[in-house]
Amino acid sequence: MRLEWLAVQVMDGLPSEEARAAVQGLLVEIAGHPAWWPEPGGEETTDAFGALCWVSYVTYADGPEVRDIGWAG
């Protein structure tokens with residue numbers, strides 16, 4: 001799974017190791033469920049939600065790309 005530059009900046013700015021671990025766990029969950037992915041092409045954004053975080057991503061032929069990450073904790 002690729003992280004778009006904005007998502008990398010957000011990931012670096014998360015407030016704690018707990019936040020980073022929660023987001024990473026959600027990313028692993030997304031990667032493991034291709035049925036959740038939107039159609040490849042990068043035109044449709046999909047959001048996935050964890051208990052205290054969310055991830056927005058698109059899908060290309062080689063897999064999902066994360067566009068944004070949020071933390072509510």
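Residues numbered from 1 in each chain as written. Predicted model: local features only at pLDDT ≥ 70, side-chain atom pairs only at ≥ 80, totals over all residues. Heavy atoms only, no water.

Caption draft 1: Seen up close, the overall build of the protein. Each helix and strand in the protein was counted, giving two helices and four strands. N-terminal to C-terminal, the α/β element order of the protein is β-α-α-β-β-β. Its C-alpha atoms give the protein a radius of gyration of 11 Å, within 12% of the compact-globule value 11 Å for 73 residues. Principal-axis analysis of the C-alpha atoms places the extent of the protein at approximately 35 × 20 × 15 Å. Every one of the 73 residues in the protein was classed for burial, and the buried ones make up 33%. (Helix = DSSP H or I, 4+ residues; strand = E, 2+ residues; numbered from the N terminus. Rg over C-alpha atoms; globule rule 2.2 N^0.38 Å. Buried < 20%, exposed > 50% of the residue type's maximum accessible area, 1.4 Å probe, protein only.)

Caption draft 2: The arrangement of the environment of Thr45 in detail. Along the chain, the position of Thr45 falls in the loop between α2 (17-31) and β2 (46-49). Each C-alpha atom, one on Thr45 and one on Gly32, is 18 Å from the other, the two residues being 13 residues apart in sequence. The residues contacting Thr45, other than those within four sequence positions of it, are Ser56, Tyr57 and Val58. (Contact = heavy atoms within 4.5 Å.)

Caption draft 3: Representation of the side chain of Thr59 in the model. Positionally, Thr59 belongs in strand β3 (residues 53-60). By relative accessible area, which is 2% here, Thr59 ends up buried. Setting aside its immediate chain neighbours within four residues, Thr59 contacts Trp37, Pro38, Glu39, Pro40, Gly41, Gly42 and Pro64.

Caption draft 4: Expanded view of the pairing of β3. Counting buried residues in β3 gives six out of eight residues, a clear majority hidden from the surface. The pairing of β2 with β3 spans four bridges and is antiparallel. In the strand pairing of β3, Phe49 is matched with Trp54. Connecting β2 to the next strand, β3, in antiparallel fashion are three residues. Taken together, the eight bridges between β3 and strand β4 (residues 63-71) define a ladder with antiparallel strand orientation. Looking at the pairing, Val58 lines up with Glu65 of β4. Here β3 folds back onto β4 in antiparallel fashion, the turn holding two residues. (Pairing = 2+ DSSP bridges.)

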